[in-house]
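These are the residues of each chain, in order.
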Amino acid sequence: MSATSSTIVNLPDQKTATLPKRSYLNNEDGLLSWLLTGDHKRIAILYLISITFFFFIGGAFAGLIRLELLTPQPDLVASDTYNKFFSMHGIIMVFLFLVPSVPATLGNFLMPIMIGAKDLAFPKVNLLSWYLYWVGGLFTLAALVLGGVDTGWTFTTPLSTHYLNTHVVTAAVGIFIIGFSSIFTGLNFIVTIHRMRAPGMTWFRLPLFVWSNYAASILMVLGTPVLAITLVLVALERTIGIGVFDPTKGGDPLLFQHLFWFYSHPAVYIMILPGMGVISEVISTFSRKRVFGYTAVAFSSVAIALFGFFVWAHHMFIMGVSNYSALVFSLLTMLVAVPSAIKIFNWAFTLQKGSITFETPMLYAFGFMGLFTIGGMTGVFLGALGMDIHLTETYFIVAHFHFVMVGGMLMAFLSGVHFWWPKMTGRMYPESLSKLAAVTTFIGFNLTFLPQFILGYLGMPRRYHAYPPEFQVLNVLSTAGATVLGVGYMLPLLYLGWSLKYGAIAGNNPWQATGLEWQIQSPPLTENFIEVPIVDHEAYDYEWLAHKTEQEVTTVG
Amino acid sequence: MHISPVLWQFLVKWLNASALFPREASTIAPYADALYFFLLLITVVGLTVVGTLVFGFAIRYRKEKHPVATQVEGSTLLEATWTIIPLALFLICFVWGALLYFRIYNPPTNAMNIYVVGKQWMWKAEHQGGQHEINALHVPIGRPVQLTMISQDVFHSFSVPDFRIKREVIPGRYSTVWFQATTPGTYHLFCTQYCGTNHSQMIGEVTAMTPDDFQKWLQASTSGMSLAQNGERLFASMGCNACHNGTASARGPNLSGVYGSKLQLTNGSEVLVNDAYLRDAILNPSEHITAGYSPIMPTYQGQVSEDGLIDLVEYIKGLQSNYRIQQTLVTSQADQTAPTTPTGVKP
């Protein structure tokens, strides 16, 4: 009894329960029915498999990097190989994992269901964006197989245009194409959210996951074209020498930095905002409460998206931008930190007076809150102008953005995957193993990246293949942590795979959550809803849910 | 307690060598560290507040204790609190950081200037007296030192962690940074901007010395020619003195005392003549025509190295009278004939 009292998991009787006869998974059979599908849920699954594939490739490079840094000497691989390792790690993780992760998988699967729609507005464009993702991915893999690229993920000119003989253009073409995949997903989401909400689903009844994906979509649509243009310019400069970034031809190498960060700073929010949406859903569900200050959380997403466009030059404080423009960008950077702080406190106060249980998604969400707070606060270090001078381009930066991206975003992604796994597959995963994975990831993560903050303040530069011997102790700690972290990431792969066949039958609403996605069968039908739902309650209305459940019981009785 | 002696030695050595904190070896370092500790403090406080709230609520309102959730809409007062307090803290960080930034990047006027050229993959420092050093920089303590830096190829970044300074070294433009070392010793000099294959080997040592030792070092390392002298020789050999000879009938403007002055250009704009302007005027002369002169100067792009440009700039900087130019003119005119009319020279 004590085991069940600490949990709200509400599974059907496992002896009699079966998966629904018909669902989006078995509606049509054969590989072709998947490759030509217009169903947003199937496309989400295709994306999930694809990004997992790339995540483990990118992760393998991370492992190699940490292994090389175990000793101060350059003893595992040569310099250029090491440079290719971190370049491929960055390129794959940013463009092929982090940017598409939550929107293209969880967002694709859930967003239409959450607003009561049958599909996205443009199902074929949705499929096209998955194909574009793969075409771009194959270019990136080609660059890797043909001998790699060593520009770093930032493609800094004139290094990338004039001084490297690696496969820069191939990789740039890959990212250019992946960018369109991102633009199409964003467009599809914006149109769907505007036009296809079910009757009664007003803007302020939208789940916060939808709001955050909406904000991220705006960034994808407005920011990604700038990246595309920048990469075209890099390719033209490299192939025919047009000279926009070349000072000897009257070009400006700093122009590249401006253009690149004009996309790549908002890209950080493309990555983190959908993750924040996941956290809102999970914390609300497992504390049985409406998200505290729903409107503030919704608007803070939009505020982050808008402010996110005006802070790019904080990547350039030491690059000779004028002192006064540095002032402006520092101030705006401080302002963009405020909505994130608002969110953290709103989540914390959602717990207040709740009825809290600690299922795996909740553990990941708690992990997210701790790690994202550290990631966010260390961002303030870097936004403070004089401090940035000492800290930028060191391991402090590496630790900071890994706390935000990996500690924040990836914890949120795993929280979401565990939260909606029963909905996506109809089956549960082994609970104790999944909790172990969440804890392992959290410990491994801190052990990996906390020492890097200290390394950064000591002055160890990033992207160093060999380093002065006094930095070794902290690097050894970091590498040890990376090993633990690796285990933490392998575990879900194993038990989630196992659960596909052997997991307990989940039923429609194992967490007793309020979202529309939980009111339909698991796994859902291809058309999501048998009849168009009419929404007459706010998001996270647990009283409505209790009332509804009661009614169902009486009707059945 | 049994600790392996090897491990023990290693730990002691490590703690002594670097511990968890870099040395404070410049006048800026204590200011940077003060802000660092403030930021660290608000991070720890923030994390504690969030942690206390989350764990406190999680324990107090766990399902066993609190089986039915009480629905709360929100609270304007609370939301205003956690908007205004972080905003205020962040604004303090902004102002503090900005003050530090201006302190680090605005050199005092009495700073001694050293030139630094970054190239794949080394640092080349050039002192006024013509002393060159590679991946090393000798500086006196107790005196502000300004570095005027430029890259010959890609972006590099000049970083001395123990001084808490760093500045990007950019192709095509001068950037500057200054510091005043306080403690004699040797300090790491890193390139922190990824610059290609041997990026992690582009490191050097900054040696801070007492003024006496520094004077001895300067004398011991002299090459016999100062930067300005090298510049003078280059000025003559490239034929600059044919036009910039300081006479009333010269085809180029008089360069004497031009450094630091405001110059009127033919397009009507007024520019301050500094290192960057002089360098650019040599490389892209057609964009900087001094009022009253014809656009006849050819570009020297690709004909003079960054080191050479530094020498030229340093020479022109030091020109306070026409005396030296005319001297050079006399000695170099013997073997060359200048074109008779300005129109005969293509720009």
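Residues numbered from 1 in each chain as written. Chains lettered and ligands numbered in written order. Predicted model: local features only at pLDDT ≥ 70, side-chain atom pairs only at ≥ 80, totals over all residues. Heavy atoms only, no water.

Chain B carries the name Cytochrome c oxidase subunit 2 in an unreviewed UniProt entry, which gives Edaphobacter dinghuensis as its organism. Note on chain B: under the UniProt heading Sequence similarities (unreviewed entry), the record states "Belongs to the cytochrome c oxidase subunit 2 family." Its UniProt record gives chain B a comment under Catalytic activity (unreviewed entry), which states: "4 Fe(II)-[cytochrome c] + O2 + 8 H(+)(in) = 4 Fe(III)-[cytochrome c] + 2 H2O + 4 H(+)(out)". (UniProt positions renumbered as here; feature names shortened; annotations may be inferred.)

Per an unreviewed UniProt entry, the recorded name for chain A is Cytochrome c oxidase subunit 1, and the organism is Edaphobacter dinghuensis. Under the UniProt heading Sequence similarities (unreviewed entry), the note attached to chain A is "Belongs to the heme-copper respiratory oxidase family."

Peer 1: An account of the pattern of salt bridges is requested, with residue identities and associated values reported.
Peer 2: In total, this model carries twelve salt bridges over all chains according to the counting rule given. With a closest N to O distance of 3.3 Å, Arg173(B) and Asp252(A) form a salt bridge. Remark: Asp252(A) occurs in the loop between helix 8 (208-240) and helix 9 (253-287) and Arg173(B) occurs in the loop between strand 7 (165-169) and strand 8 (175-179); the pair is interchain, linking two chains. Exposure remark for Arg173(B): the relative accessible area of 30% places this residue in the partly exposed category. A relative accessible area of 27% places Asp252(A) in the partly exposed class. Of the charged contacts, one joins Glu431(A) and Lys435(A) as a salt bridge, the two residues approaching to 3.0 Å between their closest N and O atoms. With Glu431(A) and Lys435(A) both in helix 15 (residues 431-458) and four residues apart, this pair spans about one turn of that helix. A relative accessible area of 34% places Glu431(A) in the partly exposed class. (Salt bridge = Lys/Arg side-chain N within 4 Å of Asp/Glu carboxyl O. Helix = DSSP H or I, 4+ residues; strand = E, 2+ residues; numbered from the N terminus. Buried < 20%, exposed > 50% of the residue type's maximum accessible area, 1.4 Å probe, protein only.)

Peer 1: For the pairing of strand 5 (residues 145-151) of chain B, give the residues involved together with the corresponding values.
Peer 2: Residues and elements named next belong to chain B. Strand 5 sits mainly inside the fold: seven of its seven residues count as buried. On strand 5, burial covers both faces: Val 145, Leu 147, Met 149 and Ser 151 on one face and Gln 146, Thr 148 and Ile 150 on the other are all buried. In this sheet, strand 5 lies alongside strand 1 (residues 112-119) in parallel orientation, the contact comprising seven bridges. Along strand 5, the bridge assignment pairs Val 116 with Met 149. Where strand 5 lies against strand 8, five bridges are found, and the strand directions are antiparallel. Opposite Thr 148, over in strand 8, you have Thr 176 as the bridge partner. (Pairing = 2+ DSSP bridges.)

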